[in-house]
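Breakdown of the fold
Given next are the chains, with one letter for each unit.
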Amino acid sequence: PYRIALALHDMIIADISYAYESDGKTPEDAEWAHSVMGVFDKQSGVCESYAKAFQLIMRELGYDSTYVVGDAGERHGWNCVYLDGEGYFVDVTWDDGDLKTEVPFYNYAFITDEMLSRTHKIDMPFKMPACTETEYNYFIKNGYYLDKYNFNSASAIISKQVNNDAAYIMFGSKYELSKAVKDLCDSGRINKISGIKKGTYFYQNEDHYTLTFIFKS
């Protein structure tokens, strides 16, 4: 179930472009951009299209998924998916972040209530089941999590990913993230890690304490 949900997350991000120009521009545009037809027919859409398509495909494959709405700075939609009986939140739209390379982010891939509450507020007509399990969180599942930053441990995690399009790492707090950014990125020490490609750049997410290094140009 985890591999299926993750593959769907990545496939939507790779294939779909966010419809900035279509969000309410005309009634016709608004209709497809806010429905599964954005993803399936136009390869474009806003958060409703991303989340409703994710929900529909997961359900067709036999897995329970809920379309969740609420506030994330503005009205927003995302998903709760149930894997091995446990709920995890997934926001495919917010993980579709790097417009230059289409490399996915995983800051919102299988997160808990507490992680979600840092940026999202649920507004549903019924109480959502508690989502407290971390087993399938992308970073924890793949061994990309460090509670406290140190160069050797971070280097080992990043080194395992240098043949991919990107490398991902999460820390235990915003403070530990700041230490990593200062040591790896601001000082350029990232270039001391074997296999790091010229032109590597990074994104930090202070809400989820993550660093994403993009290798793909």
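Residues numbered from 1 in each chain as written. Predicted model: local features only at pLDDT ≥ 70, side-chain atom pairs only at ≥ 80, totals over all residues. Heavy atoms only, no water.

Time to look at the state of the cysteines. Taken as a whole and judged by the stated rule, the model has zero disulfides. You can see cysteine 80 has no disulfide; the closest cysteine sulfur is in cysteine 131, sitting 3.7 Å from it. (Disulfide = S-S within 2.5 Å.)

A few words on the packing of aromatic side chains. Here the distance between the centres and the angle between the planes together describe a pair of aromatic rings. Throughout the structure, instances matching the rule amount to 15 aromatic pairs. On the basis of an interplanar angle of 45 degrees and a centroid distance of 6.3 Å, the ring pair of phenylalanine 202 and phenylalanine 213 is categorised as tilted. Remark: phenylalanine 213 occurs in strand E11 (residues 210-214) and phenylalanine 202 occurs in strand E10 (residues 201-205); sequence separation between them is 11 residues. Classification of phenylalanine 202 as partly exposed rests on a relative accessible area of 32%. With a relative accessible area of 2%, phenylalanine 213 lands in the buried category. Taken together through their ring pairs, the aromatic side chains of Tyr106, Tyr138, Phe139, Tyr144 and Tyr168 make up a single cluster. Of note, lysine 141 hangs over the ring of tyrosine 2, and the distance from its end group to the ring centre comes to 5.6 Å. (Phe/Tyr/Trp six-rings, centres within 6.5 Å; stacked < 30°, edge-to-face > 60°. Helix = DSSP H or I, 4+ residues; strand = E, 2+ residues; numbered from the N terminus. Buried < 20%, exposed > 50% of the residue type's maximum accessible area, 1.4 Å probe, protein only. Lys NZ or Arg CZ within 6 Å of the ring centre and 35° of its normal.)

Turning our eyes to something else, we now look at helix H8 (residues 151-159). Among the residues of H8, Phe151, Ala154, Ser155, Ile157 and Ile158 are the ones counted as buried. Considered in projection along H8, the buried side chains sweep an arc of 165 degrees and stay on one side of the axis. (Arc of directions from axis to C-beta.)

Another aspect to go through is the sheet that holds strand E8 (residues 145-146). Across the sheet, which stays open at both edges, the four strands sit in the order E8-E9-E11-E10 with mixed pairing between neighbours. Because the sheet does not close on itself, it has two edges, and the strands there are E8 and E10. Note: E8 against strand E9 (residues 166-171), two bridges, orientation parallel. Pairing of tyrosine 145 across the sheet is with methionine 170, part of E9. Where helix H9 (residues 174-186) meets the sheet, its contacts fall on E9, E10 and E11, and the angle it forms with E11 comes to roughly 30 degrees. (Pairing = 2+ DSSP bridges. Contact = heavy atoms within 4.5 Å. Axes fitted to C-alpha atoms, helices over the stretch in contact; angles between N-to-C directions.)

Summarising the element assignment, asparagine 152 is placed in helix H8. Taking relative accessible area as the criterion, asparagine 152 reaches 60% and is therefore assigned exposed. C-alpha separation for the pair asparagine 152 and isoleucine 193, spaced 41 residues apart in sequence, amounts to 9.5 Å.

This next bit is on unusual backbone geometry. Even without a glycine there, the phi angle at phenylalanine 110 is positive, about 70 degrees. The residue phenylalanine 110 is located in strand E6 (residues 109-111) in this model. Even without being glycine, tyrosine 209 reaches a positive phi, approximately 60 degrees. Among the secondary structure elements, tyrosine 209 is positioned in the loop between E10 and E11. Of the residues examined, tyrosine 209 reaches a relative accessible area of 18% and is grouped as buried.

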